[in-house]
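Next come the chains, spelled out residue by residue.
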Amino acid sequence: MKIIIIYFITIFLSNTVGAISGMGGGVIIKPVLDFIGLHSLSAIAFYSSVAVFTMSLSSTYKQIKNGMQINIRQALGISIGSMLGGVLGDQLLSRLLLTFGADDQVQTIQTIIMILTLVLVLCYNQWGKKQYELSGIASYFLAGAILGMISTFLGIGGGPINVAAFTFLFGMDIKQSTVYSIITIFFSQIAKLSAIGLSTGFQIYDLSILWAIIPAALLGGYVGGLLSSKLNDEQVKKIYSIIVLLVLCINTYNLYSLFS
């Protein structure tokens, strides 16, 4: 029961701020569950995927209901790419787990990549001015594939990377980026969960935890989508930066713990 409560609170709060900022919650859930250390690396990646997938459903629904306009051409190209990337990212994670045979080594690789990525994202969000206006379907597909692969491999949903990338590549404002980030998360996690279902199946995980994860993710996504509609771009950007900094600190501590 204690585990259920801990997971529910963690996922609800993570997905609420994840839906507001477009991060998807996984960027917080993954390092926090690593820190708690109650399950294996593959199980944590699975639970994180279920959480951010569920969140993306409720958050997207709420955003569309709030009147957010979505460019179907952009969304389709990014989504198809992210599905391919999701499969590739999951295969890469599985291969590394088999190669090293130890969660700690793979977790170290994930954490180092995460820290480097978050530092770049934080720097761009604070000081980056350069933006492109790419518009071809190939650029949408390629961006979705790369982001889907990275986010699925890291087990974070990809939010902070997605938001910064969409702003940089396509010239979107912060609130547009958050919506397309959630869409990317939705399709990359569909791909990952489908790959798990068709390979090892879900029975290798403790599925009773999902009774906490799914309601918490739905509620967090809905509340986050509701709050997002009430915030302006500058407020969303500030929340985004604070969360990136917080997650950077958590990952740095986790890396220190792995070596200590």
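Here, every reference points to the structure presented above.
Residues numbered from 1 in each chain as written. Predicted model: local features only at pLDDT ≥ 70, side-chain atom pairs only at ≥ 80, totals over all residues. Heavy atoms only, no water.

## A few points about the overall build of the chain
- Helix and strand counts for the chain come out as ten helices and zero strands.
- Written out in order from the N terminus, the α and β elements of the chain read α-α-α-α-α-α-α-α-α-α.
- Over its C-alpha trace the chain gives a radius of gyration of 17 Å, about what one expects of a compact globule, namely 18 Å for 260 residues.
- Expressed as lengths along the three principal axes of its C-alpha atoms, the size of the chain is roughly 45 × 35 × 35 Å.
- Taking all 260 residues of the chain together, 52% fall into the buried category. (Helix = DSSP H or I, 4+ residues; strand = E, 2+ residues; numbered from the N terminus. Rg over C-alpha atoms; globule rule 2.2 N^0.38 Å. Buried < 20%, exposed > 50% of the residue type's maximum accessible area, 1.4 Å probe, protein only.)

## Brief notes about the environment of serine 59
- With respect to the element layout, serine 59 can be found in helix α3 (residues 41–65).
- Relative accessible area serves as the criterion here: at 1%, serine 59 is assigned to the buried category.
- Along the primary structure serine 59 and isoleucine 20 are separated by 39 residues, whereas in three dimensions their C-alpha atoms are 8.8 Å apart.
- Not counting chain neighbours up to four residues away, the residues in contact with serine 59 comprise Ala19, Ile182, Gly221 and Gly225. (Contact = heavy atoms within 4.5 Å.)

## Describing the side chain of serine 14
- By the element assignment, serine 14 lies in helix α1 (residues 2–21).
- The class for serine 14 is buried, based on a relative accessible area of 4%.
- There is a polar contact of 2.6 Å between the side chain of serine 14 and the backbone oxygen of threonine 10. (Polar contact = N/O pair within 3.5 Å; in protein donor to acceptor, adjacent residues only side chain to side chain.)

## Overview of a nonpolar patch on the surface
- A contiguous nonpolar patch, built from Ile72, Leu76, Ile80, Leu84, Leu88, Phe141, Leu142, Ile146 and Met149 and spanning about 810 Å² of accessible area, is present on the exposed surface.
- Among the secondary structure elements, those contributing two or more residues to the nonpolar patch are α4 (72–100) and α6 (137–154).
- Here the nonpolar patch takes five residues from α4, the largest share from any one element.
- Mapped onto the fold, leucine 88 is located in helix α4. (Patch = residues over 30% accessible without salt bridge, like charges linked within 9 Å, V, L, I, M, F, W, Y side chains within 5 Å. Areas by Shrake-Rupley, 256 points an atom, 1.4 Å probe, with all protein chains shown as cover. Salt bridge = Lys/Arg side-chain N within 4 Å of Asp/Glu carboxyl O.)

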